[in-house]
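# Descriptive structure summary
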Amino acid sequence: EKPHRKMSGDEQQEDTAFGLFEEPEDYFEPEKPFTFESYACVERPSRPAKSIQVRLVGSHPLWAHHLWNAAKVVSDMMDQQPPPAPMVPLDVAGKTVLELGAGAALPSLVAAYNGAALVVTTDYPDDDLLENIRFNITATFGSPPSHKALCRGYIWGADPSELLSLLPTPEEKEEKEEEAKSH
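## Observations regarding the packing of aromatic side chains
- For the structure on display, the rule yields zero aromatic pairs.
- Sitting above the plane of the phenylalanine 34 ring, arginine 55 keeps its charged end 3.8 Å from the centroid.
- In this structure, arginine 55 is placed above the aromatic ring of phenylalanine 135, and the distance from its NZ or CZ to the ring centre is 3.7 Å.

## Thoughts on the side chain of glutamate 99
- Along the chain, glutamate 99 turns up in strand β3 (residues 96–99).
- A polar atom in the side chain of glutamate 99 sits 2.4 Å from the side chain of serine 108.
- Discounting residues that sit within four places of it in the chain, glutamate 99 has contacts with Ala105, Pro107, Ser108, Val120, Thr121 and Thr122.

## Quick word on a nonpolar patch on the surface
- On the surface, a nonpolar cluster with roughly 440 Å² of combined accessible area is contributed by Phe18, Leu20 and Phe21.
- Structurally, leucine 20 can be placed in the loop between α1 (9–18) and β1 (35–41).
- With a relative accessible area of 60%, leucine 20 lands in the exposed category.

Rules behind the numbers
- Residues numbered from 1 in each chain as written.
- Predicted model: local features only at pLDDT ≥ 70, side-chain atom pairs only at ≥ 80, totals over all residues.
- Heavy atoms only, no water.
- Phe/Tyr/Trp six-rings, centres within 6.5 Å; stacked < 30°, edge-to-face > 60°.
- Lys NZ or Arg CZ within 6 Å of the ring centre and 35° of its normal.
- Helix = DSSP H or I, 4+ residues; strand = E, 2+ residues; numbered from the N terminus.
- Polar contact = N/O pair within 3.5 Å; in protein donor to acceptor, adjacent residues only side chain to side chain.
- Contact = heavy atoms within 4.5 Å.
- Patch = residues over 30% accessible without salt bridge, like charges linked within 9 Å, V, L, I, M, F, W, Y side chains within 5 Å.
- Areas by Shrake-Rupley, 256 points an atom, 1.4 Å probe, with all protein chains shown as cover.
- Salt bridge = Lys/Arg side-chain N within 4 Å of Asp/Glu carboxyl O.
- Buried < 20%, exposed > 50% of the residue type's maximum accessible area, 1.4 Å probe, protein only.

By themselves, these observations are geometric and do not establish any function.
Spelled out as C-alpha cells, the structure:
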C-alpha cells in the first residue's frame, strides 16, 4: 500500500471550495415531529380517573415511535379491575415494577398511578429515548414526581447491578410492610 500524500494548502482550499464532501441541503429527511397518544385510567375507589398522554419520539431505529399493543394490554391488566376477558389482573399496588424496553413507558406510568411502590423504567441508553421517558414521567406526575418513578438506560443482558441497587433492601421492604399494616 502506498502511504497517503498530505494535501497541500491549495489542494485543501480547492476541495473545500468545490464542496466535494458536502451533502445537498435536502439529502437527509427532516426530523419527524413527536406524536402523542392517550390512555384512560379508570376511576377507582382509591383514586380518580386519569388520562395519561404519552409523547412518542418522531422516529427511531429501535421502534420507540410506536405505542405497541402490548403496552396497552399490560396497562389494561394493571388498571382495569377486572380487566377485559381473557386478561388476568395485575395488582401492582405496593410492589416494585421494572419495565424493559419501555419506549414511551405507558405501562410504567400506569403502574405508578396504580400505586406501585417503585417503578424503574428502562430502555436502550439513547439520549433521545431516555429524555422522552423522563418527559412522560414529568408530564404525568409533575416535577419532582410525587412517587418513585425512575428512568435508566439499560441494554438487555448487561450487568444489572445498577438496576438492583435501586431496589429496597430486605430491611427497607420489611419496614414498609410493617408501616402499611399499621395504617
